[in-house]
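Below are the chains, spelled out letter by letter.
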Amino acid sequence: MIHESTYTVRADEVWLDDRTRVARSRGFIMVDDGGSALYGYDGRFNLADHTGSLERPVAGHGDWRVHAGEAELSRVKTGRRIDYWMADFTSCDYQPPHYHFHSHHLLVYPGRSFWGFNNVFYIGKYPLLYSPLLYKSLEPAGKNALNLKMQPGYDKRNGAFVKATQTHAWTPTTYSKLFLDWYSQQGLGEGTELEHHDGGNRAMLMGYHVRENVTHDERWSGLGDLSQTFGSSVTVQGRLQEQSDPNFNNDYNRSNTFMVTPELVNNGAVVYHTAKYTARVAYNSIQDAYLPGTSTLAPGVLPFGQTKYLQTTEDAPSVQFQTAPLQFHKVPWLNTFNANTDSNYTIGRDYIQQTVAGGWQATRSIALAPGVTMTPLATYTETVYNRFDELSNSTGPVGGVAQTYLDAAVGRYTAQDTVRFDTLAGALDVGYAYTRRLAPGTFSNDAGASDHGIEQSLATVEDAFRPTRKIFVRATTGYDFRTFTYQTLQAKDRIQPITGEVYYTPRSSLTLSLRDNYQVDMGNQSMLADATWGDPLGTFAEASAGYNLGEADQYISSVLVGYEPSTFTWRVTAALRSVVATPGAPQQLSRFQLFDKELTFTKRWHDFYGQALVMLRPGGVKEYSARVQLRLPSEKETAVEHRDWESEWFPERKNGTSDRP
């Protein structure tokens, strides 16, 4: 044994030249630097510069074990370097290992990374895949992790495809993805994604591009999201969504917020917040899919070349200011002051409406008796319009004649009160709100308008009742007291929709709910029933059915199921969404269609993760895909954390419901 500085050399036989500080061994030798050990045979080691060579070395680097024909030790500016020749390495701890890589040359920087050149991947004894270059970080999980995922498949529009995703974790809070996809009918698709999530600071930027082979059309999509705080007072927020055409997300789902999205939403804001007030400067834009040359919304089934985006609304800019609740002297009312200015474009209006407004609000809570609380509220706002069309700002008949005011100041005042009764029958809220608009440029009520200047005169009642810990019931309705010059409302027209909700949770794994919206003289407006059982991440079942008066002859239903055995080695999930057409009456069934069908099977075994996916949905989307992923040590520890971040912008990735590369 020879010990020098932090290095120790142990061998069956060893000779040391005191003049050159070179040690030679015959038979077994071990070189220990205090942090790692290298074993081999017939070695040569220079104690002066810590270089040398070994025959038949065996070593461990992080979670990886290496067996090679020869190893050379050297020094570089950044630390140690080990070159292995004819190396077999694996992170599988089974004997024999389930898989291993064989590299002609494996270059290792201990504690940092390794690079493999001319690599063959083996499952057991069988070669499966060749790669000219392989990189892996040896730093702690999540610090510089780099992995590659491949997903082959087929879909009706794009043909056979292979999707490749390379993920690199730059820090525990920042990682990136590179996309390179091949579609047999459309050619190559490429993109990238960068995500950062550090406490309340979040940022995401993603883009994807395809130049289609047949049409040579350039199709692309871009997404961005930002929330960044500077110091303790300034926050920058933003959202970016742009794409070449409204059907992009139906044809390619590499860059999307939802599977189908017909509109683009872009906004940004700078917020300055203190303990006394909040100020905000914002921009907002919404674009929707329209038929070219018209102002008609485009059906989602049209080819992308027949649709375009048209601006539907834009606020550029919008400025808001609001104080924190203030109390003056010993007056018990809390006062809030606000101001805002806006420049708004809305489709169908032939001018940009500019407004400047200021307002005041006061409220307090008063205990009238045990279990009885009253919360009155009073507000006054004054808004200056560059143009004010009275008919469009009041409730008037279609086709009526509007009176237009230029540079008009319009005041509004509101009186509102809510009384809560805590009773054995639940928490009962009874309220009334009255809002009156003043005539433009005056302090007189706008009595000559079609709504007599009364924008709100509404009594409401809400009861929330929990008879047991397992049952929660809530019901709401109201009564509108407004009158109009062009129509007479009956009592049945004034009663607001009656909304009822019932939630029943007999145990933590089962929840039943029913929500119904009923309007007097018109019947049910909408209904939604839902039942959920089990763990959404394991074995579960969920069924829901709904109805909406907007599509009175259709009933929508959805069934989601998932099963995972107690061994947690595999899982299957399925989704069936259907529509039932019943024109005229519920019993007159004319059509039943399963418009969305999904089936996913996942299998986990030791170091591998496999998935098979079938997805059929509207827009001609028929996709079949499968992949097998080698789950390396650092990926196992960081995957869940990254998935949770991604679900903020990509709901389809939440809780592993879609584990696409």
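Residues numbered from 1 in each chain as written. Predicted model: local features only at pLDDT ≥ 70, side-chain atom pairs only at ≥ 80, totals over all residues. Heavy atoms only, no water.

Caption draft 1: Broad picture of the nonpolar core. Within the largest apolar cluster, 26 residues are counted, with the highest numbers of intra-cluster contacts made by Trp64, Tyr84, Phe89, Tyr99, Leu106 and Phe114. Residues contacting Tyr84, with those up to four places away along its chain left out, are Leu38, Pro57, Ala59, His61, Val66, Ala68, Glu70, Ala71, His104, His105, Leu106 and Val108. Counting residues in each nonpolar core, the second largest holds twelve residues, with Phe179, Tyr183, Met204 and Met206 among its members. (Core = buried A, V, L, I, M, F, W, Y, C linked by side-chain atoms within 4.5 Å. Buried < 20%, exposed > 50% of the residue type's maximum accessible area, 1.4 Å probe, protein only. Contact = heavy atoms within 4.5 Å.)

Caption draft 2: Quick peek at the pairing of strand β13 (residues 159-171). Relative to strand β14 (residues 174-183), β13 is paired through ten bridges, and the arrangement is antiparallel. Directly across from Gln166, in β14, lies its bridge partner Leu178. As consecutive antiparallel partners, β13 and β14 are separated by two residues. (Pairing = 2+ DSSP bridges. Helix = DSSP H or I, 4+ residues; strand = E, 2+ residues; numbered from the N terminus.)

Caption draft 3: Just unusual backbone geometry, in detail. Of the consecutive residues Gln95 and Pro96, the connecting peptide bond is found in the cis state with omega at -5°. Within the fold, Pro96 resides in the loop between β8 (79-90) and β9 (99-109). In this structure, Pro317 follows Ala316 across a cis peptide bond, with omega equal to -5°. Mapped onto the elements, Pro317 comes out in strand β21 (residues 308-323). Positive phi outside glycine occurs at Asp407, with the angle close to 50°. Relative to the helices and strands, Asp407 resides in strand β26 (residues 404-423).

Caption draft 4: Quick peek at the confidence of the model for the chain. Looking at the chain as a whole, its pLDDT mean stands at 84, while 86% of the residues score no less than 70. Within the model, pLDDT remains below 50 along residues 635-640, and this stretch shows ten contacts once partners closer than five positions in the same chain are excluded. (pLDDT = per-residue confidence, 0-100.)

Caption draft 5: Region of the structure containing the pattern of salt bridges. Using the criterion set out here, one finds 21 salt bridges in the structure. For Glu564, the salt bridge goes to Arg604, with nearest N and O atoms at 3.6 Å. Residue Glu564 is found in the loop between β34 (554-563) and β35 (570-581), and its partner Arg604 is found in strand β36 (residues 591-605); the two are separated by 40 residues along the sequence. On the accessibility criterion, Glu564 (16% relative accessible area) is buried. Judged by relative accessible area, Arg604 falls into the partly exposed class, the value being 29%. We note a salt bridge from Arg577 to Asp596, for which the minimum N-O separation is 3.2 Å. With a gap of 19 residues between them, Arg577 in strand β35 and Asp596 in strand β36 connect regions that are remote in the sequence. Salt bridges here are not isolated pairs; linked through shared partners, they connect Arg157, Glu212, Arg219, Asp245 and Asp251. (Salt bridge = Lys/Arg side-chain N within 4 Å of Asp/Glu carboxyl O.)

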